[in-house]
Number of protein chains: 2
Amino acid sequence: MEIKVVKDIMGANDQIAQKNRQLFDKNKVFVVNVMASPGAGKTSLILETIKRLKGRVKVGVVEGDISSSLDAEAISKEGVPVVQINTGGECHLDASMTSTALDSLPLGDIELLLIENVGNLVCPAEFNLGEDWKILISSTPEGDDKPFKYPLMFHEADVVLVNKIDLLPYLKFDVDAFSKTIKGINQKVKVFPLSCTTGEGVDQWVDWLLGQVRG
Amino acid sequence: MEIKVVKDIMGANDQIAQKNRQLFDKNKVFVVNVMASPGAGKTSLILETIKRLKGRVKVGVVEGDISSSLDAEAISKEGVPVVQINTGGECHLDASMTSTALDSLPLGDIELLLIENVGNLVCPAEFNLGEDWKILISSTPEGDDKPFKYPLMFHEADVVLVNKIDLLPYLKFDVDAFSKTIKGINQKVKVFPLSCTTGEGVDQWVDWLLGQVRG
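An account of the accompanying structure is given in this report. These figures come from a predicted structure and were not determined experimentally.

1. A look at the interface of chain A and chain B
At step 1: Between chain A and chain B, the residue contacts involve 29 residues of the former and 29 residues of the latter.
At step 2: Surface buried jointly by chain A and chain B totals about 2,300 Å² across both partners, of which 62% is contributed by carbon and sulfur atoms.
At step 3: When residues of chain A are sorted by the area they lose upon contact with chain B, Pro 38, Lys 149 and Tyr 170 of chain A head the list and together hold 25% of the total.
At step 4: Taken together, the links from chain A to chain B amount to 2 salt bridges.
At step 5: Ionic pairing is found between Asp 71 of chain B and Lys 149 of chain A, a salt bridge with its closest N-O pair at 2.9 Å.
At step 6: Counting residues per element, the ones that place at least two in the side of chain A that touches chain B are α3 (70-76) and α5 (146-149) of chain A.
At step 7: A per-element tally of the side of chain A that touches chain B places α5 of chain A first, with 3 residues.
At step 8: By residue class, the composition of the side of chain A that touches chain B is 15 nonpolar, 7 polar and 7 charged.

2. With respect to the relation of the copies chain A and chain B
At step 1: Under the fitted operation, chain A is carried onto chain B by 0.0 Å of movement along the axis and a turn of 180°, and the coordinates agree to an RMSD of 0.0 Å. What we have between these two chains is a two-fold relation.
At step 2: When the interface residues of chain A are mapped onto chain B, 100% of them again fall at the interface, so both copies present the same face.

3. Thoughts on the pairing of strand β6 (residues 159-163) of chain A
Residue and element names in this part refer to chain A.
At step 1: Counted residue by residue, β6 has 5 buried out of 5 residues, so it is predominantly covered.
At step 2: Residues Val 159, Leu 161 and Asn 163 of β6 are buried on one face, and the alternating residues Val 160 and Val 162, pointing to the opposite face, are buried as well.
At step 3: As judged from the 5 bridges shared by strand β5 (residues 133-139) and β6, these two strands associate in the parallel manner. Bridging from a neighbouring strand, Ser 138 pairs with Val 162 of β6.
At step 4: Where β6 meets strand β7 (residues 190-193), 4 bridges bridge the pair, whose relative direction is parallel. Bridged to Val 159 within β7 is Lys 190.
At step 5: Traced from β6 through helix α7 (residues 175-185) to β7, the parallel crossover comes out right-handed.

4. Some thoughts on the sheet that holds strand β1 (residues 30-36) of chain A
Residue and element names in this part refer to chain A.
At step 1: One open sheet holds the 7 strands; their spatial order is β3-β2-β4-β1-β5-β6-β7, and the pairing between them is parallel. Every other strand in the sheet has two partners, leaving β3 (82-86) and β7 as the edge strands with one partner each. Sheet twist, expressed as the mean angle between neighbouring strand axes with direction ignored, is 20°.
At step 2: Strands β1, β2 (59-65), β4 (112-116), β5 and β6 of the sheet are contacted by helix α2 (residues 42-53), whose axis makes an angle of about 165° with β4.
At step 3: The sheet contacts of α7 involve β5, β6 and β7, and relative to β7 the element is tilted by about 160°.

5. Focus on the environment of Leu 102 of chain A
At step 1: Topologically, Leu 102 of chain A is positioned in helix α4 (residues 95-102).
At step 2: Residue contacts for Leu 102 of chain A: discarding those within four places in its chain leaves Asn 20, Leu 23, Phe 24, Leu 107 and Leu 113 of chain A.

6. Focus on the nonpolar core
Burial of nonpolar side chains together is a common tendency in soluble globular proteins.
At step 1: In terms of nonpolar packing, the biggest core is built from 42 residues, with Val 160 of chain A together with Val 160 of chain B touching the most fellow members.
At step 2: Of all elements in the fold, only α6 (151-156), β6 and α7 of chain A together with α6 (151-156), β6 (159-163) and α7 (175-185) of chain B reach the threshold of two or more residues within this core.
At step 3: Those residues in contact with Val 160 of chain A that lie beyond four places of it in its chain are Leu 136, Ser 138, Phe 154, Phe 178, Ile 182, Val 189, Lys 190, Val 191 and Phe 192 of chain A.

7. Overview of the sheet that holds strand β3 (residues 82-86) of chain B
Residues and elements named next belong to chain B.
At step 1: Spatially, 7 strands are ordered β3-β2-β4-β1-β5-β6-β7 in an open sheet, and the strand pairing comes out parallel. Edge positions in the open sheet fall to β3 and β7 (190-193), since each of these has one partner strand only. Strand-to-strand, the axes of this sheet are offset by a mean angle of 20°, without reference to chain direction.
At step 2: Relative to strand β5 (residues 133-139), strand β1 (residues 30-36) runs parallel, the two being bridged by 5 bridges. Note on β5: the bridge partner recorded for Asn 33 is Lys 134.
At step 3: Along the sheet, α7 contacts β5, β6 and β7; its crossing angle with β7, the most-contacted strand, is approximately 160°.

8. Quick word on the environment of Gly 130 of chain B
At step 1: Within the element layout of this structure, Gly 130 of chain B appears in the loop between β4 (112-116) and β5.
At step 2: Excluding its chain neighbours within four sequence positions, the residues that come into contact with Gly 130 of chain B are Ala 17, Asn 20, Arg 21 and Phe 24 of chain B.

Quick notes on the rules
- Residues numbered from 1 in each chain as written.
- Chains lettered and ligands numbered in written order.
- Predicted model: local features only at pLDDT ≥ 70, side-chain atom pairs only at ≥ 80, totals over all residues.
- Heavy atoms only, no water.
- Contact = heavy atoms within 4.5 Å.
- Buried area = accessible area lost by both parts, 1.4 Å probe.
- Salt bridge = Lys/Arg side-chain N within 4 Å of Asp/Glu carboxyl O.
- Helix = DSSP H or I, 4+ residues; strand = E, 2+ residues; numbered from the N terminus.
- Nonpolar A, V, L, I, M, F, W, Y, C, P; charged D, E, K, R; others polar.
- Least-squares fit on C-alpha atoms with pLDDT ≥ 70 in both.
- Buried < 20%, exposed > 50% of the residue type's maximum accessible area, 1.4 Å probe, protein only.
- Pairing = 2+ DSSP bridges.
- Right-handed = clockwise from strand over helix to strand, strands pointing away.
- Axes fitted to C-alpha atoms, helices over the stretch in contact; angles between N-to-C directions.
- Core = buried A, V, L, I, M, F, W, Y, C linked by side-chain atoms within 4.5 Å.

Listed below in structure tokens is the structure:
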């Protein structure tokens, strides 16, 4: 009985995700769903990405948070269209919330839409939003054992950004071992080590993303 | 309709939490529910706490993870009784899972039970397990804005352990401002800054905990 309810919910979510997808295709919008633990650097990564894409690609942002609009305010200072979704306690974005946010965005004037999910390594992995890519930011202070603890998230990610590499001298974190572990779970995944604080590695990520958008 | 289902689930959880509570009282077990983001240091904190309590208090541990038994293996090396709960995808522990784990623990021979919840700042805050205290570990690399993003968790916590203070020289994190923000949300909360890596501040936390256990 309980499993049937879950199936129905997922079916409904996937149907709405499909409609979002059609809207993105119609407007030629490339869409990235950015997921991570709380404080891994989702907003910082989005800000650094926007700064480097200025004048090259028209960016829009959807900010997902349980409450507050702190992140949307920070991003709106960069002069890009941004919509805040407050989930009101829900631990993830779903396709329906995303669809509502899209009504408030000038999709015809956006080439790349960055969606910041709620900070959580579990639930967001279960809900498609209609995106092209799922990006997971995994920060070095979290430790290199996270793929064993949150396997679905690492399995679903198309790209893993290993953030906060500036802290590596002060931590026990083996980037090569971590990359190997992820690729053991998920052969297709791309891994970019970077630091949003120092900027190291961010250009490589942005150049690769630009290639995907123009793909 | 949907709200009614949620209410039923919560009611059922609270009923089972109440039964756990009666079992803890009968066996004179003091119970701490340890919650945090992924990688904030739950297992490290439990290990450091066990080491300092050796010969002073009889400790038992319940380890909650979506999958793997890495943490339980690390803790069993300390020679304390430990049970691993694998939630199989669920993003939090609930009272029923906890109740099942208790069947495998020698409760009559445990004075302090440490329950490590799934790494998640959202869902675990909604489920009572029958514990005495809810402990939130908030690590400095996550940033000092987390209380605004995850208000329920900070509201529910009886104690906030600010972990990884050894990294403060390399981060923008204001411990005093963070403490003030938390106390604005939650007047009763106790805050302990500490580092499981250097040991700084851990004795103060453990001494306080010991006082609570001895009532």
